[in-house]
Amino acid sequence: MARPVYVTTPIYYVNDRPHIGHAYSTVAADVVSRYARLRGKPTYFLTGLDEHGLKIERRASEEGLAPQDFVDQMAAPFRSAWEELGCAHDGFIRTTSAQHRDRVQALWKLMQDKGDIYLDDYEDWYCVGCESFKTEKELLEGNRCPIHQTPVERIKERSYFFRLSNYTQPLLDYYAAHPDFVRPDARFNEVKAFLTEGLRDLSISRTSFRWGVAVPDDPEHVVYVWLDALMNYVSALGGPAKEGEAPLYDEFWQSSETITHIVGKDILRFHAIYWPAFLMSAGLRLPTQIWAHGWLTVNGEKMSKSLGNFLPPGPLVEAFGVDVLRYYLMREVGFGQDGDFSHRNLVNRYNGELANGLGNLMNRIVASIVKKSLDGRVPNVDLEALQDVDRQLIDKATATSNEAAKHIEALAFHRALESIWELVSAANKYVDSTEPWKLAKQDDKTRLEQVCYTVLETLRWLSVMLFPVMPGKCNELRAQIGMGPFLPTEQTDQWPSAWGGLRPGTETRPATPLFPRFDEAQERGIMERLGVDKDVEPESSAQ
RNA sequence: GGCGAUGUAGCUCAGGCGGUUAGAGCGGGCGUUUCAUACGCGCUAGGUCGGUGGUUCGAGUCCACCCAUCGCCA
């Protein structure tokens, strides 16, 4: 029995509209979940929204709205963004939901029962933007927040505290026992370094605003937004709960093989330190991995409202198509590293890899040779009678399948795609060296059939291996080689491993090219529609 | 300031335990095919492997120091 997989994105703060950074995290999580499903594992993919906090309360009142109305309004674009991007989440958690609020309070009580929560005074500088306190020494001149550049506020209040200091050693022990707990390694080192200085207790309630979850039995206090927010991963499944009370929680939290939280590097500390400490205190299971990815710049510049380069995913999807955008996001930069989103590089990869590489490979075989010389049908071949060149390509496909799986499991999406494209390239070389068009002229039917079958079956493998990244295009590809759409089946591992899945006699359905190449004029048109000045765009990712 | 990382061809990057001519993709140049989306395929890039000094028979690969860039230090 394949054990369940649980993968999450951060819950996005509804103060922003969705942009390419949100899309990056969410697409990555979608790829992980689609891959897991393809492997036959029961899978749950969660994303959602963080809707509480002082900043929301203020924004809502600026807009003349009740906070709930404001967040309802802001939630819609996120939902539609994920739909547009083909991100098939199983759950969409909102922290204002009754279930979530209720489960946060349940967590609080568990921590309280453990004796880890106490009441005391707290006074320090507070940044509304960060929703967190700042120490004197990290402030900029004029008591401004180093992240938001805005002035911080002096806040003194009665606050509940969590005995985080008790968890320094337990966390270090946990890290030692789970060397893959935080990825990439460099980030794990930072987390460990932070711990070695010893943890201070953490203020986990506020009285300065109302928009949040009330502290149980003391409604003057609102639960600290990060405790509230982190809890989404468990509350969305209905936990914490006794066995049998919340089936999703039992399956995907308690019994999961992996629980992977994909996060941006800016919120790593909350996930790698606070969250496990809260869970330890409450006596709950910990996640298996916190994966901190890097930031994307846009055409070499940091994305910001003041620069006017805020990049929502919608227009990109319209211009390039969902799968192309997903491919680019996963291919261009190593997960965990910072990188650049560049329209120019996107077009270059599209033309070079998708159009010239994969698209042309399929087209030359399906729409040309098989159609003209084999009556458009998958030929019948004796797999035992293949030649060495054929076997070499099959071996390459097998090696690729193993390697790509290894990389995806390590969330090294760019490596997986790189390795898959070695197979695409090998297949194009194979076609060149076997020259099926000559075989057709020479009437060497048997050999022609062997060659075409080998390429078609390679394309079938590609349609599966690329499915997590490009589900729509892979199904189009499959249609052209005569296959039905790909359907994951629980408990059935469908990752390619056996050669010969294509049924002889099946009718292929050549259609328009999968990835029609952009010529200069089209590229210019797209850039204009997107408002990108192509000529001004830097040649490379100069930062 | 403390801790950690990075610095390899025009660009983006690979280069376990030190060992013959330092690699890939893209871009550039040359050639070639025509089945294909003017696509594919082949050849080509002569880069002091940030700098200096060491260890060694031998270092991009280990050590020290320096320079630059970046991250973390509630």
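Residues numbered from 1 in each chain as written. Chains lettered and ligands numbered in written order. Predicted model: local features only at pLDDT ≥ 70, side-chain atom pairs only at ≥ 80, totals over all residues. Heavy atoms only, no water.

Engineer: Lay out the sheet that holds strand β10 (residues 214-215) with the relevant residues and their values.
Structural biologist: A sheet is described by the order of its strands in space; here three strands give the open sequence β9-β11-β10, paired in antiparallel fashion. Single-partner strands in this sheet number two, and they are β9 (205-206) and β10. Relative to strand β11 (residues 218-223), β9 is paired through two bridges, and the arrangement is antiparallel. Across the sheet, the residue bridging to Ser205 is Val223, located in β11. (Pairing = 2+ DSSP bridges. Helix = DSSP H or I, 4+ residues; strand = E, 2+ residues; numbered from the N terminus.)

Engineer: So what's going on with the packing of aromatic side chains? Which residues, and what values?
Structural biologist: The relative placement of two aromatic rings is captured by the distance of their centres and the angle of their planes. This model, assessed by the stated rule, comprises 30 aromatic pairs. Taking 5.4 Å as the distance between ring centres and 45° as the angle between the ring planes, the aromatic pair formed by Tyr44 and Phe252 counts as tilted. Within this pair, whereas Tyr44 is found in strand β2 (residues 43-50), its partner Phe252 is found in helix α9 (residues 247-254), the two being separated by 208 residues in sequence. Taken as a pair, Tyr44 and Phe252 share a single burial class, namely buried. A cation sits over an aromatic face here: Arg269 above Phe270, 5.6 Å from the ring centre. (Phe/Tyr/Trp six-rings, centres within 6.5 Å; stacked < 30°, edge-to-face > 60°. Buried < 20%, exposed > 50% of the residue type's maximum accessible area, 1.4 Å probe, protein only. Lys NZ or Arg CZ within 6 Å of the ring centre and 35° of its normal.)

Engineer: Any chance you could break down the pattern of salt bridges for me, citing the residues and the numbers?
Structural biologist: Per the counting criterion, the structure on display carries 30 salt bridges. In this structure, Glu123 engages Arg154 in a salt bridge whose closest nitrogen and oxygen atoms are separated by 3.2 Å. Highlighted residues: Glu123 in strand β4 (residues 117-127) and Arg154 in strand β6 (residues 153-162), separated in sequence by 31 residues. Lys396 serves as the salt-bridge partner of Glu422, at 2.9 Å between the closest nitrogen and oxygen. Of this pair, Glu422 sits in helix α15 (residues 413-434) while Lys396 sits in helix α14 (residues 388-409), placing them 26 residues apart in sequence. A residue is classified by how much of its surface remains accessible, and Glu422, at 41% relative accessible area, is partly exposed. Classification of Lys396 by relative accessible area gives partly exposed; the value is 26%. In the salt-bridge network here, residues are joined through shared partners; they are Arg331, Glu332, Arg349 and Glu353. (Salt bridge = Lys/Arg side-chain N within 4 Å of Asp/Glu carboxyl O.)

Engineer: How would you summarise the sheet that holds strand β13 (residues 289-293) if you had to cite specific residues and measurements?
Structural biologist: Strands belonging to one sheet form pairs held by backbone hydrogen bonds; the direction of such a pair is parallel or antiparallel. Reading across from one edge, β3-β2-β1-β12-β13-β7 is the order of the six strands in this open sheet, with parallel pairing throughout. The open sheet is flanked by β3 (91-94) and β7 (182-183), the only strands paired with a single partner. As paired elements, strand β1 (residues 5-13) and β2 share seven bridges and run parallel to each other. Paired with Thr8 across the strands is Leu46, a residue of β2.

Engineer: Which residues make up unusual backbone geometry, and what values go with them?
Structural biologist: Backbone torsion omega between Arg183 and Pro184 reads -10°, so that peptide bond is classified as cis. Of note, Pro184 is situated in the loop between β7 and α6 (185-196). The amide bond that connects Gly239 to the next residue, Pro240, takes the cis arrangement and shows omega of -5°. Its location among the elements puts Pro240 in the loop between α8 (232-235) and α9. Even without being a glycine, Asp375 presents a positive backbone phi close to 65°. Relative to the elements of secondary structure, Asp375 occurs in the loop between α13 (343-373) and α14. Its identity is not glycine, yet Leu411 carries a phi of approximately 55°, on the positive side. Within the fold, Leu411 resides in the loop between α14 and α15. For Leu411, a relative accessible area of 4% corresponds to the buried category.

Engineer: Account for the packing of α13 against helix α19 (residues 520-530), with residues named and values stated.
Structural biologist: Closest axis-to-axis distance for the α13/α19 pair is 12 Å, and the angle between their directions is 145°. Where α13 crosses over α19, the two elements pack in a sense that is right-handed. Each of His343, Arg344 and Val347 in α13 lies in contact with α19, whose residues at this interface are Glu523, Met527 and Leu530. Residue composition of the contact of α13 with α19, grouped by class: three nonpolar, one polar and two charged. (Axes fitted to C-alpha atoms, helices over the stretch in contact; angles between N-to-C directions. Left-handed = near helix turned anticlockwise from the far one by under 90°. Contact = heavy atoms within 4.5 Å. Nonpolar A, V, L, I, M, F, W, Y, C, P; charged D, E, K, R; others polar.)

Engineer: Let's hear about the nonpolar core: which residues, and what values?
Structural biologist: By size, the foremost hydrophobic cluster in this structure holds 111 residues, and its most contacted members are Ile20, Met330, Trp421, Leu459 and Leu462. Residue contacts for Leu459: discarding those within four places in its chain leaves Leu358, Leu361, Met362, Val366, Leu477 and Ile481. Of all hydrophobic cores here, the second largest spans 70 residues; its members include Phe162, Leu199, Trp226 and Met280. (Core = buried A, V, L, I, M, F, W, Y, C linked by side-chain atoms within 4.5 Å.)

Engineer: An account of the environment of Glu190 is needed here, citing residue identities and associated values.
Structural biologist: Relative to the helices and strands, Glu190 is located in helix α6. The class of Glu190 is partly exposed, set by a relative accessible area of 46%. As for Glu190 and Arg269, which are separated by 79 residues in sequence, their C-alpha atoms are 9.1 Å apart.

Engineer: How would you summarise the confidence of the model for chain A if you had to cite specific residues and measurements?
Structural biologist: Regions with low pLDDT should not have their predicted coordinates read in detail. Averaged over every residue, the pLDDT of chain A is 92; residues scoring 70 or more account for 95%. Model confidence for the complex is summarised by a pTM of 0.94, with the ipTM given as 0.94. (pLDDT = per-residue confidence, 0-100.)

Engineer: Any chance you could break down the environment of Pro276 for me, citing the residues and the numbers?
Structural biologist: Inspection of the secondary structure assignment puts Pro276 in helix α10 (residues 268-282). Placed 50 residues apart in sequence, Pro276 and Arg326 show a C-alpha to C-alpha distance of 31 Å. Not counting residues up to four positions away in its chain, the partners in contact with Pro276 are Leu171, Phe181, His271 and Leu286.

Engineer: Lay out the pairing of strand β12 (residues 258-264) in plain terms, naming residues and giving numbers.
Structural biologist: The buried fraction of β12 is high, at six of seven residues. Bridge analysis of β1 against β12 gives four bridges, and the strand direction is parallel. The residue of β12 that forms the bridge with Val7 is Thr260. As paired strands, β12 and β13 are joined by five bridges and run parallel to one another. Along β13, the bridge assignment pairs Ile262 with Trp291.

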